[in-house]
Amino acid sequence: MNDKNYPISVSYNIGNQKGTLHLRPKLPFVEYGAAVESVVRSLYIDGAYKPYLKQYLICSVIIENYTDYSGGSSPDEILNLCEGSGFFTEIVSRIDPKQLENLLQDIDELAAYNNACAGWSNIIREIKKISAELQKGGCKPDKGG
């Protein structure tokens, strides 16, 4: 499937996986924004920031968005692609350097913004919980004092 959307071919041989991927050097604007949002959204699990997932998520979003990879998307399989035989380095070397730089910077900036706002988000979430309880009649004032 080497078409105009994925004009670059890259062969790989990782473990028992062999094949050819096609990739594109640059994402359109909307897909670029979605890729940034996807990484940053996935850095939070149940509201807790998990920075150790960042490199894996960046690798995953690059494989998903810049290539026509159609294999499995299990964490172990993606990790194998990211770390195996210089495969990921080969893909990254074919991506437009300015867009790649911007992608990494925008991910960092959006994560920093989310972290800066996290305290306020938690306060607002707690206020909403209390408000909902009051509306249900679940919080009753103490009559003893």
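Residues numbered from 1 in each chain as written. Predicted model: local features only at pLDDT ≥ 70, side-chain atom pairs only at ≥ 80, totals over all residues. Heavy atoms only, no water.

Colleague: Help me understand the overall build of the chain in this model?
Modeller: Along the chain, the regular secondary structure elements total five helices and four strands. Order of helices (α) and strands (β) in the chain, N terminus to C terminus: β-β-α-β-β-α-α-α-α. For 145 residues, the compact-globule formula gives about 15 Å, and the C-alpha radius of gyration of the chain, at 21 Å, lies well above that figure. Projecting the C-alpha coordinates of the chain onto the three principal axes gives extents of approximately 75 × 30 × 25 Å. Looking at the 145 residues of the chain, the share that counts as buried comes to 30%. Of the contacts made within the chain by residues no fewer than 6 positions apart, 57% connect residues no fewer than 24 positions apart. With an accessible surface of roughly 9,400 Å², the chain has 54% of that area assigned to carbon and sulfur atoms. (Helix = DSSP H or I, 4+ residues; strand = E, 2+ residues; numbered from the N terminus. Rg over C-alpha atoms; globule rule 2.2 N^0.38 Å. Buried < 20%, exposed > 50% of the residue type's maximum accessible area, 1.4 Å probe, protein only. Contact = heavy atoms within 4.5 Å. Areas by Shrake-Rupley, 256 points an atom, 1.4 Å probe, with all protein chains shown as cover.)

Colleague: Just to check I follow, could you spell out the environment of Ser-131 for this structure?
Modeller: Following the sequence through the fold, Ser-131 ends up in helix H5 (residues 97–136). Of the residues examined, Ser-131 reaches a relative accessible area of 31% and is grouped as partly exposed.

Colleague: Just checking my understanding: could you explain a nonpolar patch on the surface for this structure?
Modeller: On the surface, Trp-120, Ile-123, Ile-124 and Ile-127 cluster together into a nonpolar patch covering about 450 Å² of accessible area. Take Ile-124: it is sitting in helix H5. (Patch = residues over 30% accessible without salt bridge, like charges linked within 9 Å, V, L, I, M, F, W, Y side chains within 5 Å. Salt bridge = Lys/Arg side-chain N within 4 Å of Asp/Glu carboxyl O.)

Colleague: Would you explain unusual backbone geometry in this entry?
Modeller: Trans peptide bonds make up the majority, and among non-glycine residues the majority have a negative phi. The backbone phi angle of Asp-46 is positive, close to 55°, even though this residue is not glycine. The topology assignment puts Asp-46 in the loop between strand E3 (44–45) and strand E4 (48–49). Overall, Asp-46 belongs to the exposed group, its relative accessible area being 82%.

Colleague: What's the story with the packing of aromatic side chains in this structure? I'm lost.
Modeller: Each aromatic ring pair is described using two quantities: the centre-to-centre distance and the angle formed by the ring planes. Applying the stated criterion to the full structure yields one aromatic pair. Aromatic side chains Tyr-44 and Tyr-49 sit 5.2 Å apart centroid to centroid with 40° between the ring planes, which places their arrangement in the tilted category. (Phe/Tyr/Trp six-rings, centres within 6.5 Å; stacked < 30°, edge-to-face > 60°.)

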